[in-house]
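# Summary of the model geometry
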Amino acid sequence: MERKNVIIKVVNRGHQPLPKYATPMSAGMDLRANLSEPIVLKPMERCLVPTGLFIALPEGYEAQVRPRSGLALKKGITVLNAPGTVDADYRGEVGVLLINLSQEDFVVNDGERVAQMVIAQHETADFIEVEELDETERGAGGYGHTGVK
């Protein structure tokens, strides 16, 4: 299957390299912290980590900012609004909203890979108000409605 490449214009006002795929079948590209000095993230503290990147996505696309699994597992560091969405009409700096869910301070150093970015195509929707919805077997069954086994 051939990968479809989407052209994304990038202004790099930082001093880190542009994001790139680590392997040919990677879905995400690592985002790096672009810092003049380290950030100490205390337990349960959150901060917006700059990347120095400004992007212009094509209409119909978004950039999803997601946690890095290694940071989450080993250090308890995750993206608070995961996945964060960068819309096609946003022209500000791409930032990563990190939170420290561990019991220890975490130091974010310049150049550290703090998140991953996935480029995704999306649809838009038109809502049509109706008086009732069609019936399904599931109906209104929600959180945990199928049990634990």
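Cut-offs applied
- Residues numbered from 1 in each chain as written.
- Predicted model: local features only at pLDDT ≥ 70, side-chain atom pairs only at ≥ 80, totals over all residues.
- Heavy atoms only, no water.
- Pairing = 2+ DSSP bridges.
- Helix = DSSP H or I, 4+ residues; strand = E, 2+ residues; numbered from the N terminus.
- Axes fitted to C-alpha atoms, helices over the stretch in contact; angles between N-to-C directions.
- Patch = residues over 30% accessible without salt bridge, like charges linked within 9 Å, V, L, I, M, F, W, Y side chains within 5 Å.
- Areas by Shrake-Rupley, 256 points an atom, 1.4 Å probe, with all protein chains shown as cover.
- Salt bridge = Lys/Arg side-chain N within 4 Å of Asp/Glu carboxyl O.
- Lys, Arg positive; Asp, Glu negative; His and termini not counted.
- Charge placed at Lys NZ, Arg CZ, Asp CG, Glu CD.
- Buried < 20%, exposed > 50% of the residue type's maximum accessible area, 1.4 Å probe, protein only.
- Phe/Tyr/Trp six-rings, centres within 6.5 Å; stacked < 30°, edge-to-face > 60°.
- Lys NZ or Arg CZ within 6 Å of the ring centre and 35° of its normal.

### Observations concerning the sheet that holds strand E4 (residues 46–56)
Here four strands make up an open sheet; going across it, the order is E1-E4-E8-E6 and the pairing antiparallel. Bordering the open sheet on either side are strand E1 (9–12) and strand E6 (77–79), each of which pairs with just one other strand. Averaged over all pairs of adjacent strands, the angle between strand axes in this sheet comes to 40°, irrespective of strand direction. Looking at chain direction, E4 and strand E8 (residues 93–100) are connected through six bridges and run antiparallel. Within the sheet, the bridge partner assigned to Phe 54 lies in E8 and is Glu 93.

### Overview of the sheet that holds strand E7 (residues 84–86)
Ordered by their spatial adjacency, four strands build an open sheet running E2-E10-E5-E7, and the pairing between neighbours is antiparallel. The open sheet is flanked by strand E2 (29–32) and E7, the only strands paired with a single partner. Looking at each pair of strands side by side, their axes are set apart by 35° on average, direction ignored. Inspection of the sheet shows strand E5 (residues 61–66) paired to E7 by three bridges, in the antiparallel sense. Its bridge partner being in E7, Gln 64 is matched across the sheet by Thr 85.

### Points about a negative patch on the surface
On the surface, Glu 129, Glu 131, Glu 132, Asp 134 and Glu 135 cluster together to form a negatively charged patch. Its location among the elements puts Glu 129 in the segment after strand E10 (113–121). Given the relative accessible area of 79%, Glu 129 is considered exposed.

### Notes on the pattern of salt bridges
Applying the stated criterion across every chain yields a total of three salt bridges. Between Asp 30 and Arg 113 there is a salt bridge; the shortest N-O distance is 3.0 Å. In this pair, Asp 30 is assigned in strand E2 and Arg 113 in strand E10, connecting sequence segments 83 residues apart. On the basis of relative accessibility, which here comes to 21%, the residue Asp 30 falls in the partly exposed class. Salt-bridge contacts for Asp 105 lead to Lys 42; the nearest nitrogen and oxygen are separated by 3.4 Å.

### Some remarks on the packing of aromatic side chains
Each aromatic ring pair is characterised by the separation of its centres together with the angle its planes make. Under the definition given, this model contains zero aromatic pairs. In this structure, Arg 13 is placed above the aromatic ring of Phe 54, and the distance from its NZ or CZ to the ring centre is 4.5 Å.

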